[in-house]
Amino acid sequence: MRHQNSGYRSSLLKKIEKVIIRVAIACTVLLALFQLRFITDPVEFYLKIAGDIDTPAFKYSQYVEEDKTVTLYFNTNPVSPVLVKQNGEILGVIGQGLEIKVKQGTVDLDASGIAYPVTVDIIYNEKKHSLNLHGNIKSFTLEVKSSSTL
């Protein structure tokens, strides 16, 4: 009788152990997928991890906080002289492409002197946003993330 009971217990324990291992693996996979969902920008992820590991001199958020500027790349299709303005000041003319530093706040794209439709591509961190202009002025707002979100 003891042999039969110990064999039954051993078999039951092996089944429970297999179930626990499978649940642990499933939870690990779900956790990894859940965390990958929050990584939208690999550069920000790297800078956050590297900033925690490297010396204090490598704190990206400190440099962003100081001048509150961001470098944007503008491109037009078809090639057109669209003005980039901020706070009433002309920062540049896009033409065949323009890389420019802009401050946090409202940026105006002025195509009022152009008689045909123009698409302006705004590229930041390899993400492209487009605005369609037809002889008008359109604006977008630029916000710099605070150091607490990095």
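Note that the structure is predicted; figures quoted are calculated from it, not measured.

(A) How the structure looks around the sheet that holds strand β7 (residues 127–133). Judged by pairing direction, the sheet is antiparallel, and its four strands sit side by side in the order β4-β1-β6-β7 without closing on themselves. Because the sheet does not close on itself, it has two edges, and the strands there are β4 (98–103) and β7. For this sheet the average axis-to-axis angle between neighbouring strands, irrespective of direction, equals 30°. Relative to strand β6 (residues 118–124), strand β1 (residues 69–77) runs antiparallel, the two sharing five bridges. Bridged to N77 within β6 is T119.

(B) Spotlight on the confidence of the model for the protein. The share of residues in the protein with pLDDT of 70 or more is 70%, and the mean pLDDT across the chain is 77. Across the protein, the secondary-structure element scoring lowest on mean pLDDT is helix α3 (residues 60–67), at 49, and the one scoring highest is strand β2 (residues 80–86), at 87. For residues 55–65, every residue scores under 50 in pLDDT, and the model assigns this stretch 16 contacts once sequence neighbours within four places are set aside.

(C) A look at the sheet that holds strand β3 (residues 89–95). Taken in spatial order, the four strands of this open sheet run β3-β2-β5-β8, and their pairing is antiparallel. The two strands at the open ends of the sheet, each matched to only one other strand, are β3 and β8 (137–142). For this sheet the average axis-to-axis angle between neighbouring strands, irrespective of direction, equals 25°. Of the strand pairs in this sheet, strand β5 (residues 105–110) and β8 are connected by six bridges, and their pairing is antiparallel. Opposite D108, over in β8, you have S139 as the bridge partner.

Reading guide: rules and limits
Residues numbered from 1 in each chain as written. Predicted model: local features only at pLDDT ≥ 70, side-chain atom pairs only at ≥ 80, totals over all residues. Heavy atoms only, no water. Pairing = 2+ DSSP bridges. Helix = DSSP H or I, 4+ residues; strand = E, 2+ residues; numbered from the N terminus. Axes fitted to C-alpha atoms, helices over the stretch in contact; angles between N-to-C directions. pLDDT = per-residue confidence, 0-100. Contact = heavy atoms within 4.5 Å.

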